[in-house]
Amino acid sequence: MTSRRSITSRHTERQPPEIANDQPAGATARYATITSAAWKGTESEEQRWLAGGRVPSGDLTILSGNGGSGKTEIISQLLVYVAAELQDWLGCLIENGGALVLSCEEPEHNIRDRVERICRHRGIDPYNLPNLHMLFPDLESTWLVHANKDGRLSRAPLLDWLEAWIRNSKPRLVVIDNIAAVFDGEAIARRQVRAFLAMLRKIAREHDVAIVLLDHPSVRGMADGSGTANSVDWRNSVRSMLHLSDPDKDDPDQRTLTVTKSNYGRTGEKVTLRWNGLTFTTTLAGSASPYRAAVDRDVDERFLRLLDRFTAEGRFVRCTTGSGYAPAAFERHAEANGVKSRAFAAAMERLFAAGSIVVVDGKRSKHIARADR
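Reading guide: rules and limits
Residues numbered from 1 in each chain as written. Predicted model: local features only at pLDDT ≥ 70, side-chain atom pairs only at ≥ 80, totals over all residues. Heavy atoms only, no water. Axes fitted to C-alpha atoms, helices over the stretch in contact; angles between N-to-C directions. Helix = DSSP H or I, 4+ residues; strand = E, 2+ residues; numbered from the N terminus. Left-handed = near helix turned anticlockwise from the far one by under 90°. Contact = heavy atoms within 4.5 Å. Nonpolar A, V, L, I, M, F, W, Y, C, P; charged D, E, K, R; others polar. Buried < 20%, exposed > 50% of the residue type's maximum accessible area, 1.4 Å probe, protein only. Pairing = 2+ DSSP bridges. Expected span 1.5 Å × (residues − 1). Core = buried A, V, L, I, M, F, W, Y, C linked by side-chain atoms within 4.5 Å. Polar contact = N/O pair within 3.5 Å; in protein donor to acceptor, adjacent residues only side chain to side chain. Parallel < 35°, antiparallel > 145°, perpendicular 65-115°, else oblique. Salt bridge = Lys/Arg side-chain N within 4 Å of Asp/Glu carboxyl O.

When you look at the packing of helix α2 (residues 71-83) against helix α3 (residues 108-122) in this model, what are you seeing that I'm missing?
Two quantities define a packed helix pair, namely the angle between the axes and the distance from one axis to the other. Their axes nearest at 10 Å, the elements α2 and α3 cross at an angle of 60°. For α2 against α3, the interelement crossing comes out right-handed. The residues of α3 that touch α2, namely those facing T72, E73, S76, Q77, V80 and Y81, are I111, R114, V115, R117, I118, C119, H121 and R122. For the contact of α2 with α3, a count of residues per class yields six nonpolar, four polar and four charged.

Is there a simple way to think about the pairing of strand β14 (residues 254-262) in this case?
Each regular strand carries side chains that alternate between the two faces of the sheet. Buried residues dominate β14, accounting for seven of its nine residues. Judged from the five bridges that link them, strand β13 (residues 240-244) and β14 form a sheet pairing that is antiparallel. If you follow M241 over to β14, its bridge partner there is K261. Examined bridge by bridge, β14 and strand β15 (residues 270-275) share five bridges and lie antiparallel to one another. Among the inter-strand pairings, T256 is bridged to a residue of β15, identified as T272.

What is the right way to read the environment of S141 from this model?
Position of S141 among the secondary structure elements: in the loop between β7 (132-135) and β8 (145-147). S141 sits 40 residues away from A181 along the chain, and the two C-alpha atoms are 9.3 Å apart.

Quick question: what am I supposed to make of helix α6 (residues 190-207) here?
In an α-helix, one turn spans 3.6 residues; hence positions three or four apart end up facing the same way. With 18 residues, α6 should reach 26 Å at 1.5 Å per residue; the first-to-last C-alpha distance of 26 Å fits that figure. Buried residues of α6: Q192, V193, F196, L197, M199, L200, R201, I203 and A204, and no others.

Looking at this structure, I do not really get the nonpolar core. What am I missing?
Here is a general trend for soluble globular proteins: nonpolar side chains tend to be buried in one another's company. One finds I74, W89, L173 and L257 to be the most contacted residues of the largest nonpolar core, which totals 37 residues. At eight residues, the largest contribution of residues to this core is made by α2. In this structure, L173 is in contact with L50, L78, L79, V82, G98, A99, L100, V209, A210 and V212, ignoring residues within four places of it in sequence.

Any chance you could explain the environment of G91 here in plain terms?
Residue placement: G91 occurs in the loop between β4 (88-89) and β5 (92-93). Once the C-alpha coordinates of G91 and C319 are considered, the two residues, 228 residues apart in sequence, prove to be 8.1 Å apart. In contact with G91, other than residues within four places in its own chain, are R54, T282, C319, Y325, M348 and E349.

In this structure, what is going on with the side chain of T61? I would like to understand it.
Its place among the elements puts T61 in strand β3 (residues 60-64). Classification of T61 as buried rests on a relative accessible area of 0%. Non-local contacts of T61, meaning those with residues more than four positions away in its chain, are made with R54, V55, P56, I211, V212, L213, S240 and L242.

When you look at the side chain of D233 in this model, what are you seeing that I'm missing?
Looking at where D233 falls in the secondary structure, it is placed in helix α8 (residues 233-236). Its relative accessible area of 2% is what places D233 among the buried residues. Looking at D233, its side chain comes within polar contact range of the side chain of R190, at 2.9 Å. Setting aside residues no more than four positions away along its own chain, D233 makes contact with R190, V193, R194 and L197.

For this particular structure, what's the right way to read the sheet that holds strand β6 (residues 99-103)?
Pairing between the strands of a sheet is mediated by backbone hydrogen bonds and can be parallel or antiparallel. Here nine strands make up an open sheet; going across it, the order is β7-β6-β10-β12-β3-β13-β14-β15-β16 and the pairing mixed. With partners counted over all chains shown, the strands left at the sheet margins are β7 and β16 (280-282), one partner each. The sheet shows a mean angle of 25° between the axes of neighbouring strands, taken without regard to direction. Those strands touched by helix α4 (residues 157-169) are β6, β7 and β10 (173-177), and its axis lies near 170° from that of β6. Contacting β3, β10 and β12 (210-215), α6 crosses the sheet at an angle of about 150° to β12.

Honestly, the packing of α4 against α6 in this entry has me stumped. Any pointers?
Running from N to C, α4 and α6 point in directions that differ by 15°, and their axes come no closer than 10 Å. One finds that α4 runs roughly parallel with respect to α6. Of the two elements, α4 crosses α6, and the hand of that crossing is right-handed. Judged by residue contacts, L159, E163, I166 and R167 of α4 engage M199, L200, I203, E206 and H207 from α6. Of the residues belonging to the contact of α4 with α6, the class tally is five nonpolar, one polar and three charged.

In this structure, what is going on with the sheet that holds strand β11 (residues 183-184)? I would like to understand it.
Strand order in the open sheet made by the three strands is β9-β8-β11, with mixed pairing throughout. The two strands at the open ends of the sheet, each matched to only one other strand, are β9 (153-155) and β11. Sheet topology places β8 next to β11; two bridges connect them, and they run parallel. Counterpart to V145 in the pairing with β11 is F183.

How should I be thinking about the pattern of salt bridges in this particular structure?
When the charged atoms of two side chains with opposite charge come close together, those side chains can pair. Here the structure, examined in full by the defined rule, presents 25 salt bridges. The partner of R112 in a salt bridge is E116, and the shortest N-O contact between them spans 2.8 Å. Here R112 pairs with E116, and both are found in helix α3, just four residues apart, close to one helical turn. Notably, a salt bridge pairs E163 with R155, separated by 2.7 Å at the nearest N-O pair. E163 sits in the buried class, given a relative accessible area of 12%.

Written as structure tokens, this is what we have:
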């Protein structure tokens, strides 16, 4: 019987300790620890958002919703608004720049119809959006990855094309519609799910682009309202998840957009949306009765008066949630006259859409100002 010591001895004689256990030469050089001393004298990197509090830049987000709920509609809004540099999307601040939709389910004429309607809603030219890019691959060539017989994933040509396009075009947003059409693997296989999402996260991080994946929830996800589907690793491997509800049973024009996961911000934000005949708006913005219109005008004017007061006092407010969020700050002011933060948020969206207010660069951060100032 050979002793453990003699086995170790012979193994050491055959192979130098630094490459023992069949590791290739230089393997240890790929991994290097750091200590907190490396941070001294440097600025901490602040989390950036493609859509404030909802879609982080440089990472992955999943937007789920049942078929026909309207998720393609609201993500088309985000694509158009980013490309058109409109700065706001359903009540939150967004970045501007290039945007791509990889549409593996919706045909071109459906996307065209959405883009034209959304542009009419915002009063912009749908045929003058050079930053909006669309790809409609053949339905038999939509895969980004394939699962091999050993369970490992291999890249498909479309993923190579997508990464090269992102590298050359440097977009701010890429939307992939949808997971079932691009993932040729087992949706409940943990390693395959994590490997696929790791590929996309690597692309998002290296090129500082927000990637949004559209998904259909499972039967359980539909029942409990979580919007999740298949393996829990889909949820665990992305940094943000949004869920769009089905139409309200008492009001088919109403939906609720919920932030169901956010590693970098608050979870639980709910935005009530309403179909206005062209596209979705926040609830108050979508109301059209004469009474509601008069109420909206009053809230809009109150918002502007409070903005003027805060600006004169040097108390600059922002359109992103957190410290200095305009709707919350205005609600607490004596001149709010009972108007709630939710109503001020809707007013803020209307004023952005009308061009009455803009986001300007301050000494330390961006803030809201009147457009004529």
